[in-house]
Amino acid sequence: MRQTIKHQREIIDRQALQERLDAIAKATPSGAARRGQVLEALKAAYQAGYAEMRRRFEAAGLGDETLLEHTFLIDQIVRLIHDFALAYEFPGAAGKRGAMAVVAVGGYGRGEMFPHSDIDLLFLMPKRHDAKLEKAVEFMLYLLWDLGLKVGHSTRSVAECIKQGRADITIRTALLEARWLWGDQALFQELMTRYRADIVPGTQEQFVEAKLAERNERHAKLGEPRYVLEPNVKDGKGGLRDLHTLYWIAKYLYGVGDVVELVALGHLSKGAAQRFAKAQQFLWTVRCHMHFITDRMDDRLTFEMQPDIAKRMRYTNHGGSSGVERFMKHYFLIAKDVGDLTRIFCALLEDQNKRHPRGFRSAGAPKELEGFLVENARLNAPEDDTFAKKPVEMIRIFHVAHEHSMDVHPQALSQMTRNMKRIDAALRRDPEANRLFLEMLTSKMDPARALRHMNEAGVLGRFVPDFGRVVAQMQYDMYHVYTVDEHTIQAMGILHRLERGELQDEAPAASEVMCTIANENSRRALYLALFLHDIAKGRNGDHSDLGAEIALKMGPRLGLTEEETETASWLVKQHLLMTRTAYKRDIDDPKTIADFISVVQSPERLKLLLVLTVADVRAVGPNVWNAWKAGLLRSLYYNAFDMMSGGIRLERFERRAAQAQDALRIAMKPVFSEDEIEAHLARGYPSYWISFDTATHLRHALLMREADKAQQPLTIDSRVHESQGVTEITVYTGDHAGLFSRIAGAMALSGASIVDAKIITMTNGMALDTFLIQDADGGAFSSSTRLAKLSINIEQALGDRIRLNRDVIARRAATHSRNDLFRVPPRVIVDNTASEAYTVIEINGGDRIGLLYDVTSTLTRLNLQIASAHISTYGERVVDVFYVKDLFGLRVDHERKIKDIRTALLDALRDPAEAEAPAAKAAMVAAQ
């Protein structure tokens, strides 16, 4: 942090303010009037200083200057209030019995005063003090609070500080950062001397372990991955608190005032100290921007803030990445640097353990394993120049660690950092290095663990430069939860779990198929393809095509055969094919299956594609995968596999439907009569029976029976799935034109966003429509009051007792949504080649409450009958596909009609709120 402040008087002129306060004291007797004038003078000075500090920051964007300036500003305010209290309000309070010391602790003690940081003060009292001194403290605190400052405080003697510091690690840490601010400096020095003499000796190990345990607990609470896309800048992994932890440990062990002092002591390299300073400066600047933007203490770097901060920090669009994506990539690389510094510092501690065993546990003599040293159950390099002399050892150490389920020692990681440039083209061509890497990549011992360790160390990105390009690469949207590299590694872990049979309940088809991939060539191709499937993201061009080209080069380098390489390349190129087909097309339509098979061609490729797709989708985020999506992928797989198997799809289709009926028959027997069972089984078309599991079929059967008994024209059932963040709504009623649109409108009026939908018509003419909905914040629609209101709105909408139109829904459902942050260009595709019986209409646009009503009501107005709908939501983007016919039951193939459909739907995709502001402005101008 810079040690001087330019133009300090422009922040606050303490001398002038002191003269102003003296004048007030002399002119006005003690009391409310004088206190009011003092408060007014202080507030004006503080606000002026704060405004000047903010102006400078917005002009230069230097976080360290802002912290120093704010600390200086608060220091002067506290000192002036202290002097005023003792000189005019409580004269003689610091008489013969001694004066107090005002001490800054915590972040204020460090001098890290962000725009909305708390002010932590210790009022250090002499052993014996006048009662007036405590009254003076009270006066000071109330003035600071009245200034609008957030002040935390304690009033203690030196002895009390030492006693509580011994007992409480939090107090001990606060005292470690203590900085004399004003008052009795000798009293403060007594505290610091006793702290070093009475607390520190013999407690170093305890302190270090406590701080590292705090860090681990904090990471676990906020989410372990460093690359969560809305990170906590202060407490998250790789954030400021991790740097604080390193600073606290360094100060506690070595008595330094700054981490950079460790360089002179020979404990830290100059490069590591520079990385510390660089990370600190960047995070300081980002957090200052956050506080100024929100005008409050805010440490979560949300999607709302990211574009604004990126613009303020002058990140621009470049190389296929937007400015905000480049800013966040820099952020995550800084977070990675913080992790590296943590490892380096741990290596330092362990090295000190060897030389200074006092206060640390001795590790004992290291053992040897395959040429590496085993120290504290971690692998270390045998010599300081092991990796410099033989770079392939940087790959082999991870291989050995993986084979023996061990970690790599921090000292070895530090040595790697120093020799990272030796991972060059020659090493990438080395057959031994590539053999070792491929064995880790395709290991049956969870390759994700080895890949994550290599990635954290920076080795993976150097050994596979294309992967290095996506390290910390984010996508600025609401769908993807992790950066590209973290998503890829998570997917590799899921593939391993599928192979071990650990996801039978969540992904039964993929788990079953994975067990049948006995061919080692196919297995190696699958693992390589999953590793490379997103490797070309963030470049100009289709990442699937570009990734396929990378696979063609990577396969031979790793020693894959031509067949394996070609399979891996095809899987990368087509890795989105299955989700696009399952989620956007009618998978019971033979034409859909035929088109899908024409690309897949091989049953073996079909198996590999299913498994890769499941691993990919499930790794997007914790709430993306659900039973609904699993069922669609499963149905597509079986339909395609049946058609590939000799063209007997219909027979297999009917057999699976019969099997589903048999399973339901068994489940219904305890509560249904034989006649009821047979009557119910006759209600469903074959597609219904293969679309749901037995538990859902039984629930539907119970719902239909109750509706029939009560002769209810409308039955609505709701089920909240908290773990998935969605609510499932089932509507059972008579089918008629516009039904889907009316239900969608009622849901929009209730503030519900439809994220998925399935339309079923039973043989008795009743509609069984199922919707997955969320609230405006992307959570489950779980309030009993809101669910009751939703049911009422659906009932009134279907009974024509509620007015449904676009403007009414736009006004009633209007609410701020985070989706508003993202601009999704509207797109409408009218396709007559995807189905032989229907016209397929695909719409893409930004999600909002009421969108599905706008689209479906438009289709109804165009006299189009919706036979099936496939509703998919990817964060802020919706992809809705409708299979439609005209009034005569035919496909729409007239060019003029198709043009009208596109025009009308593009208008429906437009958010009504976007037109309100210009319209209102035009009306105001007209009125003038």
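You'll find the structure just up there.
Residues numbered from 1 in each chain as written. Predicted model: local features only at pLDDT ≥ 70, side-chain atom pairs only at ≥ 80, totals over all residues. Heavy atoms only, no water.

### Focus on unusual backbone geometry
Which entries qualify depends on this criterion: Only protein chains enter the accessibility calculation, which uses a 1.4 Å probe. A residue is then buried if its area is under 20% of the maximum for its type, exposed if over 50%, and partly exposed in between.
Although it is not a glycine, Asp295 sits at a positive phi angle of roughly 55°. A positive phi is found at Asp446, a non-glycine position, where the angle reads about 65°. Taking the relative accessible area as the measure of exposure, Asp446 reaches 23% and is therefore partly exposed.

### Quick word on the pattern of salt bridges
For side chains bearing opposite charge, pairing can occur when the charged atoms are close. Selection criterion: By convention in these notes, a salt bridge is any Lys or Arg side-chain nitrogen within 4 Å of a carboxyl oxygen on Asp or Glu. By definition, any uninterrupted DSSP run of H or I lasting at least four residues is a helix, any uninterrupted run of E lasting at least two residues is a strand, and each is numbered from the N terminus.
The full count for this structure, using the stated rule, is 51 salt bridges. A salt bridge links Glu214 to Lys211; the nearest nitrogen and oxygen atoms lie 2.9 Å apart. With Glu214 and Lys211 both in helix 10 (residues 204–222) and three residues apart, this pair spans about one turn of that helix. For Glu214, a relative accessible area of 28% gives the class partly exposed. In this structure, the salt-bridge partner of Arg275 is Asp337, at a minimum N-O distance of 3.0 Å. Here Arg275, found in helix 13 (residues 270–294), pairs with Asp337, found in helix 15 (residues 323–355); they are 62 residues apart in sequence, far enough to count as distant. Neither residue differs from the other here; Arg275 and Asp337 are each classed as buried. Look at the salt bridges and you will find they share partners, linking Glu10, Glu52, Arg55, Arg56 and Glu69 into a network.

### Here's the deal with the nonpolar core
To be explicit about the condition: Working definition of a nonpolar core: buried Ala, Val, Leu, Ile, Met, Phe, Trp, Tyr and Cys residues. They are joined through side-chain atoms within 4.5 Å. Any two residues whose heavy atoms approach within 4.5 Å are treated as being in contact.
Counting residues in each nonpolar core, the largest one holds 224 residues, and the members touching the most others are Leu301, Phe327, Phe398, Met416, Phe437 and Phe531. Looking at which element gives the most residues to this core, the answer is helix 15, with 12 residues. When residues no more than four places from it in sequence are discounted, the contact partners of Phe398 are Val408, Leu413, Met416, Met440, His453, Met454, Ala457 and Val459. Counting residues in hydrophobic clusters, the runner-up holds 46 residues, among them Leu749, Leu787, Val878 and Leu905.

### A word on the sheet that holds strand 12 (residues 766–774)
Keep this limit in mind: The pairing criterion is simple: DSSP has to find at least two bridges between the two strands. Orientation is described by lines fitted to C-alpha atoms, with helices fitted over the stretch in contact, and by angles between N-to-C directions that extend from 0 to 180 degrees.
Read from one edge of the open sheet, four strands run 9-10-12-11, paired in antiparallel fashion. The two strands at the open ends of the sheet, each matched to only one other strand, are strand 9 (714–721) and strand 11 (753–758). Put simply, the sheet's adjacent strands are angled 20° from each other on average, direction ignored. As defined by bridge partners, strand 9 adjoins strand 10 (residues 726–734) across eight bridges and the pair is classed as antiparallel. Looking at strand 10, one finds that Ser718 is bridged to Ile729.

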